[in-house]
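This is what each chain is made of:
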Number of protein chains: 2
Amino acid sequence: MLSELLLTDMARLSQQDNMPLHRQLYEAMRRAMLDGKLAAGDRLPSSRELTHDLGLSRNTVVAALNQLSVEGYLVSRVGSGTYVHDNVPRSPQRKASSQAPRHHTDLSRRGIALSSTFCATQLEVQPFTPGIADFSAFPVALWQRLQNKHWRMTYPEMLDYSYCGGHAPLRRAVADYLRVFRSVPLDVDQVIITSGTQQSLELCAQLLADHGDTVWLEDPAYWGAVKAFMATGLRAHPVKVDQHGMAPTPQDERTPPRLIYTTPSHQYPTGAVMSLARRQHILAIARTHNAWVLEDDYDSEFRFSGPPLSSLAGLDQDERVLYMGSFSKVLYPGLKLGYLVVPKRLVGAFKQAHYDLNRPGQMPLQAALAEFIELGHFASALRRARHSYAQRRQCLLEALAPCLGKNAQITGAEQGLHLCVRLPDALDDKALAQRIGTFGLTVRPLSAYCLERQDAKGLVIGYGYAPLAEIERWGPVLSKALLSELKRFQR
Amino acid sequence: MLSELLLTDMARLSQQDNMPLHRQLYEAMRRAMLDGKLAAGDRLPSSRELTHDLGLSRNTVVAALNQLSVEGYLVSRVGSGTYVHDNVPRSPQRKASSQAPRHHTDLSRRGIALSSTFCATQLEVQPFTPGIADFSAFPVALWQRLQNKHWRMTYPEMLDYSYCGGHAPLRRAVADYLRVFRSVPLDVDQVIITSGTQQSLELCAQLLADHGDTVWLEDPAYWGAVKAFMATGLRAHPVKVDQHGMAPTPQDERTPPRLIYTTPSHQYPTGAVMSLARRQHILAIARTHNAWVLEDDYDSEFRFSGPPLSSLAGLDQDERVLYMGSFSKVLYPGLKLGYLVVPKRLVGAFKQAHYDLNRPGQMPLQAALAEFIELGHFASALRRARHSYAQRRQCLLEALAPCLGKNAQITGAEQGLHLCVRLPDALDDKALAQRIGTFGLTVRPLSAYCLERQDAKGLVIGYGYAPLAEIERWGPVLSKALLSELKRFQR
């Protein structure tokens, strides 16, 4: 009965707008829930059963179910199946839904989505966990000396909130760094110190988009960004990533963006570096649709070969790019200082809202960081780190060499702190990552970062966290596990 | 023509639901905008003209316009009037609005609302600015010693993000403090360290409510909370505050809350202390509507007379209260550490989402603070501060004594760092605050904190920031300005 209902609705939808099948199924299921035909708490047939009943491919069914989970319509309980979330409103009319009698539930739909984990493997930090730098080499004693100096000189204002976008010397130091190393043309005034990329993203989404507006995200994507946009009520439209980075098609442009979020320096997690042509294409699309581009210049600090490409902010002719970065990867994560560069006409509004919403502070820490940069310690920490990561990367590449071939290709190793081994579409990368976990190693399945697409399988492997000796020791173990999986797959 | 349109619509609305007049006008104007009858960029008649054309009271018109501004439908340009914001969607259907051609605008509607200032007087910190503590007495040298100790002992994990809701010794210290001083029964596990009340509020709104859900706010309200709920897409329903705190009526219950935000210890800004009966009433309402209570235990540290009332969290029988506080007022604002206590069944979801959305850090600072509390420095800082603020308060009360009478009454002076002088409804408190500003003093007009009501005029006066000598010097100046205004008013 459910399958009939869905098929009828899909038939109707297929006549409009040549919507892809998984989107038709998504819409049909969403409507069934909003109309109350699928009621809160109902258990859904398994994806296998749905595949059979609807006569669709499993990929199509899984894509639709994933999207509905991400948006909080469905909730999975381990070992028990997938259910319609208790809190699904019965009607799309806001008024009606807020006055309808409400089941007692703990979290909101948004809350369910925000607090769900995104990955089979949890947050274990072990050799090869991607996205993590090695901060064990951070010069703690020097840092403490600088902090002490500023605490000794501290005048009361330094203990207060920061009213003007951050400590002026730090904003100057960031501006100088970005002008020289990232070719971002900017005024000191445009730099706002935030508590890192998550806060920068949230601020951009809050100020530049309204609830229900569309944000283009890379598919596969950085999950921190997905959650920030979820929290701010944006509608995520996934855009496939190819070897040149985010690759929007004319079909994508039929869902015009209000915001375009991209990691052009070293796409997370595929590691693709966005080509110059693609950068210009993204800017042209932003111009066409009056969209803002949020450039997360993730991992731009660690480039191992060739000159860096200029940032999108550096190419931007009409002030549509907001540029963000953080100090976590070069200093240490818990520092919680990052920066956001906004176009001049937005400076006043961003500073005001940032103050009102977040009450930024930590001025003594900002002062120490400014001096750390001014005295050249940042540049030498960066040099040392680049050298050390290059060795680790080389060691990992050598360990993986025996696995490579038609069925296993490395992408994204020119830059950053992780690389990606692309595997055949039919391989179960989640199971493989779990098997590798039994050795006490953490790698992430590429498919766990996918929003909609089903054609990206692989392993995301970090070399930032474990020291060289660990990579020498564990690289061969990882390589052997991968090789045996590939052999099994070929049989 | 506009007035005809609005009156017709209001007549229709008045038949439903006996809606108050200002709400009818609000709805009629909102619909006119959504239907495109009032187009983006249109200039509105002045409130005076609307009052005349519609035959309504000025208060009614102003209340409706205020609400529309807060929600981002209207935008005021200084010296030029009030306009329909460019970005007002033409139809309430999300789909249609996101595909409609879009004017190029800089900020979203939400962005306009979030970055607008809320007060005639800007953020000048001068004698009598409310909401600010005196952190000039903060023991910087001791604090630096404690920090150094922890930096010397720092192991790498201390430089990382905080994965489990914060540094365990700090969570223990907070739990001990709350059990003893605020009668909050809790497990250490329920304490989550945040970057302060703004982050605590945002996290609660994101996890417990969906876009469009109703939050009850005190009227007048703390503006930081208003902005946090605006940013998270909640629908604010103002509930009047009387001398016993937030005072919901049966009429209010016709807009049932998903969240109830309240500052029971010392209501900001009226200073009302919520009575025990009222506390129980609020909890009963929460039970009836399956709502969550967000208790911001603002200013509970500084009570000058009588025993403290137990917190709502202490009275809560069925785990519906989330309790929050911060260290800014006792230590220093830029510290950016606060705490949120959540019911046991929410602990897992809150920790996960807090990590994913905010990537909390600052562990060395958390460790220093834990020891600061454990060694008794927090308790003695509190004692010293209480003593010092009591003197300042006394001095301010004496200076204000000549003004008091039928037309000027002090409320909320038993506790906290500010008091409120209530003035007649017909007095223009904004103009008065501005006039006082010309002496280099900052006080805030009570009406600037009002969301909807028109019957709360007064001055909100802080005694936390200026030292005693400053209050001795400027108190009489303030008093004289107030007295001359009252004389003018009586004539």
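The residue numbering used here restarts from 1 in each chain and proceeds along that chain's sequence as written. Going through the entries in the order they are written, you letter the chains from A and number the ligands from 1. At least 70 in pLDDT is required for a residue's local features to be given in this predicted model, at least 80 for side-chain atom pairs to be given and counted, and no such filter applies to totals for whole chains, interfaces and linings, which use all residues. Only hydrogens and water are removed before side-chain values are computed, so all heavy atoms of the structure are retained for them.

Novice: An account of the side chain of Thr194 of chain B is requested, with residue identities and associated values reported.
Specialist: All names here are of chain B. What counts as a helix is a DSSP run of H or I of at least four residues, what counts as a strand is a run of E of at least two, and both are numbered from the N terminus. On the secondary structure map, Thr194 appears in strand S3 (residues 191-194). A polar side-chain atom of Thr194 sits 3.1 Å from the main-chain amide nitrogen of Gly196. Setting aside residues up to four positions removed in sequence, Thr194 forms contacts with Gln199, Ser200, Lys336, Leu337, Gly338, Tyr339, Leu340 and His354. Polar contact criterion, stated in full: a pair of N or O atoms within 3.5 Å, where within protein one must be able to donate a hydrogen and the other to accept it, and residues adjacent in sequence count only if both atoms are side-chain atoms. Whether two residues are in contact is decided by their heavy atoms, any of which lying within 4.5 Å being enough.

Novice: Residue-level account of the packing of aromatic side chains, with values.
Specialist: Two rings belonging to Phe, Tyr or Trp (six-membered ring only in the last case) form a pair when the distance between their centres is within 6.5 Å. Interplanar angles under 30 degrees mark stacking, angles over 60 mark edge-to-face geometry, and anything in between is tilted. All chains considered together, the criterion is met by 34 aromatic pairs over all chains. Centroid distance Phe138 of chain A to Trp143 of chain A: 5.7 Å. Interplanar angle 70°. Geometry classified as edge-to-face. Summary of the burial criterion: residues with accessible area below 20% of their type's maximum are buried, those above 50% are exposed, and those between are partly exposed, where the area comes from a 1.4 Å probe applied to protein chains only. Judged by its relative accessible area of 0%, Trp143 of chain A is buried. Relative to Phe181 of chain A, the ring of Tyr177 of chain A lies with its centre 5.2 Å away and its plane at 35°, an arrangement referred to as tilted. With a gap of 4 residues between them, Tyr177 of chain A and Phe181 of chain A both fall in helix H8 (residues 168-181), about one helical turn apart. What makes Tyr177 of chain A buried here is its relative accessible area of 13%. An aromatic cluster of at least three residues, connected via ring pairs, comprises Phe138, Trp143, Tyr332 and Phe372 of chain A together with Trp151 of chain B.

Novice: Tell me about helix H14 (residues 363-374) of chain A, and name the residues and values.
Specialist: Three or four residues apart is the spacing at which side chains of an α-helix point the same way, because the helix has 3.6 residues per turn. All names here are of chain A. In a helix, the anticipated span is given by 1.5 Å times the number of residues less one. Under the 1.5 Å per step criterion, the end-to-end length of H14 is 16 Å for 12 residues, consistent within 8% with the ideal 16 Å. By the criterion of burial, H14 is predominantly enclosed, with 11 of the 12 residues buried. Contacts from the buried residues of H14 go to helix H7 (140-152), H8, strand S3 (191-194) and helix H15 (377-400). Positioned one or two residues after H14, Gly376 has a phi angle of 90°, which is positive.

Novice: Go over the relation of the copies chain A and chain B, please, and point to the residues and values.
Specialist: Overlaying chain A on chain B yields an RMSD of 0.0 Å, the required transformation being a rotation through 180° with an accompanying axial translation of 0.0 Å. Viewed as a symmetry operation, the transformation between the two copies matches a two-fold axis. Across chain A, the rotation axis passes nearest the C-alpha of Thr232 of chain A, at a separation of 3.1 Å. Interface overlap between copies: 98% of the residues of chain A at the interface are likewise at the interface in chain B, consistent with a symmetric, same-surface contact. The fit set for superposing copies consists of C-alpha atoms from residues with pLDDT of at least 70 in both; the fit itself is least squares.

Novice: Requested: an account of the nonpolar core, with residues and values cited.
Specialist: Counting 98 residues, the largest nonpolar core has Phe229, Leu322 and Phe350 of chain A together with Phe229, Leu322 and Phe350 of chain B as the members making the most contacts within it. Among all residues touching Phe350 of chain A, those that are not within four sequence positions of it are Ile192, Leu203, Cys204, Leu207, Leu208, Leu322, Leu340 and Val342 of chain A together with Leu107 of chain B. Take the buried residues of types Ala, Val, Leu, Ile, Met, Phe, Trp, Tyr and Cys, join any two whose side-chain atoms come within 4.5 Å, and each joined set is a nonpolar core. Leu186, Val321, Val341 and Ile471 of chain A belong to the second largest nonpolar core, which has 82 residues in total.

Novice: Describe the pattern of salt bridges, listing the residues and the values that go with them.
Specialist: Salt bridges are defined by distance alone: a side-chain nitrogen of Lys or Arg within 4 Å of a carboxyl oxygen of Asp or Glu. Scanning the entire structure with this criterion turns up 30 salt bridges over all chains. Among the salt bridges present, the one from Arg278 of chain A reaches Asp242 of chain A, with a minimum N-O distance of 3.0 Å. One end of the pair, Arg278 of chain A, is in helix H11 (residues 276-288); the other, Asp242 of chain A, is in strand S5 (residues 235-242), and 36 residues separate them in sequence. Assessed through its relative accessible area of 27%, Asp242 of chain A is described here as partly exposed. One continuous salt-bridge network, built from bridges that share partners, spans Asp106 of chain A together with Glu319 and Arg345 of chain B.

Novice: Please provide a residue-by-residue account of the sheet that holds strand S7 (residues 259-262) of chain A, values included.
Specialist: In any sheet, the strands associate via hydrogen bonds between backbone groups, in a parallel or an antiparallel arrangement. Residue and element names in this part refer to chain A. When DSSP finds two or more bridges between two strands, those strands count as paired. Read across the open sheet, the 8 strands follow the order S3-S10-S9-S8-S7-S4-S5-S6; overall the sheet is mixed. The two strands at the open ends of the sheet, each matched to only one other strand, are S3 and strand S6 (245-246). Inspection of the sheet shows strand S4 (residues 214-219) paired to S7 by 2 bridges, in the parallel sense. If you follow Trp216 over to S7, its bridge partner there is Ile260. A fitted line through C-alpha atoms serves as each axis, taken over the contacting stretch for helices, and the angle formed by two N-to-C directions is quoted from 0 to 180°. Relative to strand S9 (residues 321-326), helix H9 (residues 197-208) is tilted by about 160°, and along the sheet it contacts S3, S7, strand S8 (292-296), S9 and strand S10 (338-341). Along the sheet, helix H13 (residues 347-358) makes contact with S3, S9 and S10, crossing S3 at roughly 15°.

Novice: Could you give me a rundown of the side chain of Lys351 of chain A, with the residues and numbers involved?
Specialist: Residue and element names in this part refer to chain A. With respect to the helices and strands, Lys351 occurs in helix H13. What makes Lys351 buried here is its relative accessible area of 13%. Within the local environment of Lys351, its side chain forms a polar contact with the side chain of Asp189, the two groups lying 3.1 Å apart. Apart from residues no more than four positions distant in its own chain, Lys351 is found in contact with Cys164, Gly165, Arg171, Asp189, Val191 and Ile192.

Novice: Requested: an account of unusual backbone geometry, with residues and values cited.
Specialist: Leave glycine aside and you will find that most residues have negative phi; peptide bonds, for their part, are mostly trans. Across the junction of Asp219 of chain A and Pro220 of chain A, the peptide omega takes the value 0°, indicating a cis bond. A positive phi angle, close to 50°, is found at Asn290 of chain B, a residue other than glycine.

Novice: Talk me through the interface of chain A and chain B; I want residue IDs and the actual numbers.
Specialist: Taken together, the contacts link 83 residues of chain A with 81 residues of chain B. Each of two parts loses accessible area, computed with a 1.4 Å probe, when they are put together; buried area is these two losses added. On the chain A side of the contact with chain B, Arg110, Trp151 and Leu159 of chain A bury the most area, a combined 9% of that side's loss. The interface formed by chain A and chain B contains 4 salt bridges. Note that Arg345 of chain B and Asp106 of chain A form a salt bridge whose closest N and O atoms lie 2.9 Å from each other. The set of elements that each furnish at least two residues to the side of chain A that touches chain B consists of helix H5 (94-99), helix H6 (109-115), H7, H9, helix H10 (223-231) and H13 of chain A. Asp, Glu, Lys and Arg are counted as charged, while Ala, Val, Leu, Ile, Met, Phe, Trp, Tyr, Cys and Pro are counted as nonpolar; the rest, among them Gly, fall into the polar class. Per-class residue counts for the side of chain A that touches chain B are 35 nonpolar, 29 polar and 19 charged.

Novice: Can you lay out the sheet that holds strand S10 (residues 338-341) of chain B for me, pointing to particular residues and giving the numbers?
Specialist: Residues and elements named next belong to chain B. With mixed pairing, the 8 strands of this open sheet are ordered in space as S3-S10-S9-S8-S7-S4-S5-S6. Looking at the sheet topology across the chains shown, the edges are occupied by S3 and strand S6 (245-246). Pairing geometry for strand S5 (residues 235-242) and S6, over 2 bridges, is antiparallel. The residue bridging Val241 from the neighbouring strand is Met246, located in S6.

Novice: How would you summarise the domain arrangement of chain A if you had to cite specific residues and measurements?
Specialist: Put simply, an interface is often sized by how much accessible area is lost when its parts join up. Residue and element names in this part refer to chain A. Start and end points for every domain follow an automatic or database-based domain assignment. Here the domain parsing of chain A yields domain 1 (2-101), domain 2 (121-134 + 383-490) and domain 3 (140-378). Taking only C-alpha atoms into account, the centre of domain 2 sits 27 Å from that of domain 3. Of the residues lining the interface, 28 residues belong to domain 2; the matching set on domain 3 comes to 27 residues. In total, about 2,400 Å² of surface goes out of reach between domain 2 and domain 3, with carbon and sulfur atoms giving 57% of it. In this assembly, domain 2 and domain 3 are joined by 1 salt bridge. For Lys240, the salt bridge identified is with Asp455, shortest N-O distance 2.9 Å. At the boundary of domain 2 with domain 3, the tally comes to 15 residue pairs in polar contact (both at pLDDT 80 or more). Of all the secondary structure elements, the ones that give two or more residues to the side of domain 2 that touches domain 3 are H15 and strand S12 (418-423). Per-element accounting of the side of domain 2 that touches domain 3 gives the leading share, 5 residues, to H15. When the residues that make up the side of domain 2 that touches domain 3 are grouped by side-chain class, the tally is 15 nonpolar, 6 polar and 7 charged.

Novice: Describe the state of the cysteines, and please don't skip the residues or the numbers.
Specialist: By definition, a disulfide links the sulfur atoms of two cysteines through a covalent bond. Residue and element names in this part refer to chain B. Criterion for a disulfide: a pair of cysteine sulfur atoms within 2.5 Å. By the definition in use, this model includes 0 disulfides over all chains. Cys403 takes part in no disulfide bond, and the closest cysteine sulfur, belonging to Cys395, lies 14 Å away. Here Cys403 falls in the buried class, since its relative accessible area comes to 6%. Unpaired in this structure, Cys450 has its nearest cysteine sulfur neighbour in Cys420, at a distance of 9.5 Å.

Novice: Which residues make up the environment of Arg287 of chain A, and what are the values?
Specialist: Residue and element names in this part refer to chain A. Here Arg287 lies in helix H11. Judged by relative accessible area, which is 42%, Arg287 ranks as partly exposed. On a C-alpha basis, the gap between Arg287 and Phe439 in space is 49 Å, while along the polypeptide they are 152 residues apart. The contacts of Arg287, once residues within four sequence positions are left out, are Asp318 and Arg320.

Novice: An account of the packing of H7 of chain A against H14 of chain A is needed here, citing residue identities and associated values.
Specialist: All names here are of chain A. Following both chains from N to C, one finds H7 and H14 inclined at 125°, their axes separated by 9 Å at the closest point. Between H7 and H14, the angle is such that the two are oblique. By crossing handedness, the relation of H7 to H14 is classed as right-handed. Contacts between H7 and H14 pair Leu142, Trp143, Leu146, Gln147, Lys149, His150 and Trp151 from the former with Pro364, Leu365, Ala367, Ala368, Leu369, Glu371 and Phe372 from the latter. Classifying every residue of the contact of H7 with H14 by side-chain character gives 10 nonpolar, 2 polar and 2 charged. Here is the rule for angles: anything less than 35 degrees is roughly parallel, anything more than 145 is roughly antiparallel, 65 through 115 is roughly perpendicular, and the remaining ranges are oblique. With the far helix as reference, a near helix turned anticlockwise by less than a right angle produces a left-handed crossing, and one turned clockwise produces a right-handed crossing.

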